[in-house]
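# Summary of the model geometry
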Amino acid sequence: MRKSARRVCLLGLTSLVTSALAACAAPNDPELSSPTASVEAPTPPAPPAAAATAGPRREPLSLALVPIPEGTAWERESAHAIRWAPPTEPACSGPAPVCMPALIEASYDGGFSWEEVGAVPSWRGRFVWTVPGSSGPAVRFRVTLLSAETGAPVAAPQLTADVRLAPSRKRDYAWTRVTNDAPWGARDGAGAIVHGGKLWLLGGWNPSRFPLNTANDVWSSADGETWTQVRPNTFLDADTFDRTSHWEGRHQGGYHSWGGKMWVVGGDANQGHYQTDTWSSTDGVSWVRTDIHTTTPRMEIDTNSESPTYGRWVEMDGWRPREEAQYGSRALAMSGVFQGKLWLMGGQRVESAVDPVWPGAPRKVFNDVWQSSDGASWKQVPTEGTMWAPRGLAGAVTFRDRLWIVGGGTYDDPPPGQDPGDWRVLRNDVWSTVDGARWTPVDESPPFSARYFHSVGVFDGRLWVIGGWGPDNLGDAWYTEDGANWYGASEPQFLARHSASLWVRDDAMFVGAGNAFDDDARWVADVWKIVRKP
């Protein structure tokens, strides 16, 4: 996958409209990925097609704001999205499309005076605004659709309700790179666990280093800088690997410390089959498989006319049997620890990644919820009310006595004849639950862009989101105390990446490894330490 150039559409206030028209002439922006894209028909948002010829408008242009609820309060220095439905007419026209801008203005005095704060292509549907550190006690917004040719308004301005401005809860953090070349080597999708006072790194993916693309080695560290190999990679030959004593190498599984043990839950489908197994260990050396599962051999019709089983189904020699946990075949699920249990949610069946010799279930994206009290038996939790859209590729964490998921999406798995981009869905919405059954949408459009393969953690009493992919590598960092007011905390020297590993121990958070590809795949083996400044 190639890295696309990001086109800047936030403009200086002096020649705002003119600059907007020029800067957005051929848009290609990662924030175009919609957080509310359909899973049933997962087409990524794109600018409206350029009109081939000019013609009369069939209906008036309009731009409808998504209401900001009455009584909303935004904290100073936090960032928020002002949203609207795209215009009802094509918002770009001409051989090289020129985008019809949406002009955003703010008023701190009840609408008596207005201040221009930015402009974006109207088809984007949102503008991210950071609350000033000092201003009036409230703010309201006016969004105006402008002509792509003249910059004049073409529709009546749309107004929001007043938003009360609350004191800032912004904190300052220091990022330090503790190593640029950890001995476990470059990889992504590796497990990260804090257990027994140590940081642990497990497995991961790097086809340029590992014979079977993924590894199952185990490493530990007391400080994030000096690492000790606890168990070597033994996932070297698929035919001779002993699957009874250790888990297969894997990418993007669930990794947790729970009940005095380290746990590995599920994984990807990049071995040509679904990994739905669960393993535990107290020391990282000896591992025990715990999940209840079914095992089905691969079968084929015997076509040897001289064989006594000719014409009958027989077990295929040399093929790994199909294994399936109680929650069924899936990859890239979200898992966490909550209320003393293991939880697993969502994920998808990636039909294009599974060996076609084995007739598996068709592609599907899930939004179901499962829990386990022992790591062996999994029980589905009946859900009720509004649910998050089907997804995977995101973490689940416990924060403020609730279980949270942030963003995620659908991995490329197009049916034959479809472009991978037509299947991909990226999200950035934030949800939480008190019991796993009833879910609350905390923030439907936070300030950061939609993404998956990102890192989610809880540090310094804040919920954090770092990096990810959407639709390029991301290196930004955000935190919130309530799920609705988000503050940026990015480090310019932190290399944009996805599928990084994140640890939180005591008064520090660590982030390392990941895939920082640009034109070519590029895995990294660095570790960064993040602490709150005094």
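Computed from a predicted model, the values in this text were never measured in an experiment. Every residue gets a number counted from 1 within its own chain, in the order that chain's sequence is written. Totals for whole chains, interfaces and linings use every residue, but because this is a predicted model, local features are given only for residues with pLDDT of at least 70 and side-chain atom pairs only at 80 or more, for both listing and counting. Calculated side-chain values reflect all of the structure's heavy atoms, with hydrogen atoms and water omitted.

### Re the packing of aromatic side chains
For clarity, the threshold we go by: When the centres of two rings from Phe, Tyr and Trp lie within 6.5 Å, Trp using its six-membered ring, the rings pair. Their planes under 30 degrees apart give stacked, over 60 give edge-to-face, and anything left gives tilted. Only runs of H or I of at least four residues qualify as helices and only runs of E of at least two qualify as strands under DSSP, and these elements are numbered from the N terminus. Accessibility here uses a 1.4 Å probe with only protein chains present; expressed as a share of the type maximum, an area under 20% marks a residue as buried, one over 50% as exposed, and anything in between as partly exposed. In this analysis the charged atom, NZ for Lys or CZ for Arg, is taken to sit over a ring once it is within 6 Å of the ring centre and within 35 degrees of the ring normal.
Throughout the structure, instances matching the rule amount to 28 aromatic pairs. Centroid distance Trp388 to Trp439: 5.8 Å. Interplanar angle 85 degrees. Geometry classified as edge-to-face. In this pair, Trp388 is assigned in the loop between strand 30 (379-380) and strand 31 (396-399) and Trp439 in strand 34 (residues 439-443), connecting sequence segments 51 residues apart. Classification of Trp388 as buried rests on a relative accessible area of 0%. Aromatic side chains Phe494 and Trp528 sit 5.9 Å apart centroid to centroid with 80 degrees between the ring planes, which places their arrangement in the edge-to-face category. Highlighted residues: Phe494 in the loop between strand 38 (486-488) and strand 39 (501-505) and Trp528 in strand 41 (residues 527-532), separated in sequence by 34 residues. Of the residues examined, Trp528 reaches a relative accessible area of 3% and is grouped as buried. Of the aromatic side chains, those joined through ring pairs into one cluster are Tyr173, Phe459, Trp464, Tyr479 and Tyr487. For the cation-ring pair, Arg330 lies above Phe366, with the distance from its terminal atom to the ring centre recorded as 4.1 Å.

### Looking at the side chain of Asn233
Filter applied, for reference: Under this definition, polar contacts are N or O atom pairs within 3.5 Å; protein pairs additionally need one hydrogen-donor-capable and one acceptor-capable atom, and for neighbouring residues in sequence, both atoms have to be side-chain atoms.
Inspection of the secondary structure puts Asn233 in the loop between strand 16 (227-231) and strand 17 (254-258). Of the polar contacts made by the side chain of Asn233, one reaches the backbone nitrogen of Asn216; its length is 3.1 Å. One polar contact links the side chain of Asn233 to the main-chain amide nitrogen of Phe235, over a distance of 3.1 Å.

### Looking at the side chain of Arg250
Looking at the secondary structure, you find Arg250 in the loop between strand 16 and strand 17. Here Arg250 falls in the buried class, since its relative accessible area comes to 0%.

### Comments concerning the pairing of strand 36 (residues 462-469)
The condition that has to hold: At least two bridges found by DSSP between two strands is the condition for calling them paired.
Counting buried residues in strand 36 gives eight out of eight residues, a clear majority hidden from the surface. Both strand 35 (residues 455-459) and strand 36 contribute to a ladder of five bridges, which runs antiparallel. Residue pairing across strands places Gly457 opposite Trp464, the latter belonging to strand 36. Taking the residues that link successive antiparallel strands as the turn, the strand 35-strand 36 hairpin has two residues, and the phi of Asp460 there is positive, at about 55 degrees. As paired elements, strand 36 and strand 37 (residues 473-480) share six bridges and run antiparallel to each other. When the bridges of strand 37 are listed, Trp464 appears paired with Tyr479.

### Some points on the sheet that holds strand 30
Spatially, 25-26-29-30 is the arrangement adopted by the four strands of the open sheet, whose pairing is antiparallel. One side of each edge strand has no neighbouring strand; the edge strands of this open sheet are strand 25 (334-338) and strand 30. Sheet analysis places strand 29 (residues 369-372) next to strand 30, joined by two bridges and oriented antiparallel. What sits directly across from Trp370, in strand 30, is Gln380.

### Re the confidence of the model for the protein chain
Spelled out, the test is: pLDDT is defined as a per-residue confidence score from the predictor, taking values between 0 and 100. The contact rule is simple, with two residues in contact once any of their heavy atoms fall within 4.5 Å.
Scored by pLDDT, the protein chain has a mean of 87; 85% of the residues are at 70 or more. Low pLDDT, under 50, characterises residues 1-45; the stretch is placed with 101 contacts to residues that sit more than four places away or in other chains. Taken together, the stretch residues 48-58 has pLDDT below 50 and engages in 14 contacts with residues farther than four places along the chain or on a different chain.

### Side note on the nonpolar core
Where we set the bar: Only buried residues count toward a nonpolar core, which is a set of Ala, Val, Leu, Ile, Met, Phe, Trp, Tyr and Cys residues joined through side-chain atoms within 4.5 Å.
Counting 24 residues, the largest nonpolar core has Trp74, Trp84, Ile104 and Trp129 as its most contacted members. The biggest single contributor to this core is strand 9 (residues 138-145), with four residues. Leave out the neighbours within four places in its chain, and Trp129 touches Trp74, Ser78, Ala79, His80, Ile82, Tyr108, Val117, Val139 and Phe141. The next biggest cluster of nonpolar side chains, apart from the first, holds 17 residues, and it includes Trp219, Trp227, Ala525 and Val527.

### Some details on the pattern of salt bridges
Inclusion rule: We define a salt bridge as a side-chain nitrogen of Lys or Arg found within 4 Å of a carboxyl oxygen belonging to Asp or Glu.
Taken as a whole and assessed by the stated rule, the structure comprises 24 salt bridges. When the shortest N-O distance is used, the salt bridge between Glu351 and Arg363 registers 3.3 Å. Within this pair, whereas Glu351 is found in the loop between strand 27 (348-349) and strand 28 (364-365), its partner Arg363 is found in the loop between strand 27 and strand 28, the two being separated by twelve residues in sequence. Judged by relative accessible area, Glu351 falls into the partly exposed class, the value being 36%. With a closest N to O distance of 2.7 Å, Asp526 and Arg497 form a salt bridge. Here Asp526, found in the loop between strand 40 (508-512) and strand 41, pairs with Arg497, found in the loop between strand 38 and strand 39; they are 29 residues apart in sequence, far enough to count as distant. Judged on exposure class, the residue Asp526 and its partner Arg497 are both buried. One network of salt bridges, with partners in common, ties together Glu75, Arg169, Arg400, Arg462, Glu481 and Asp482.

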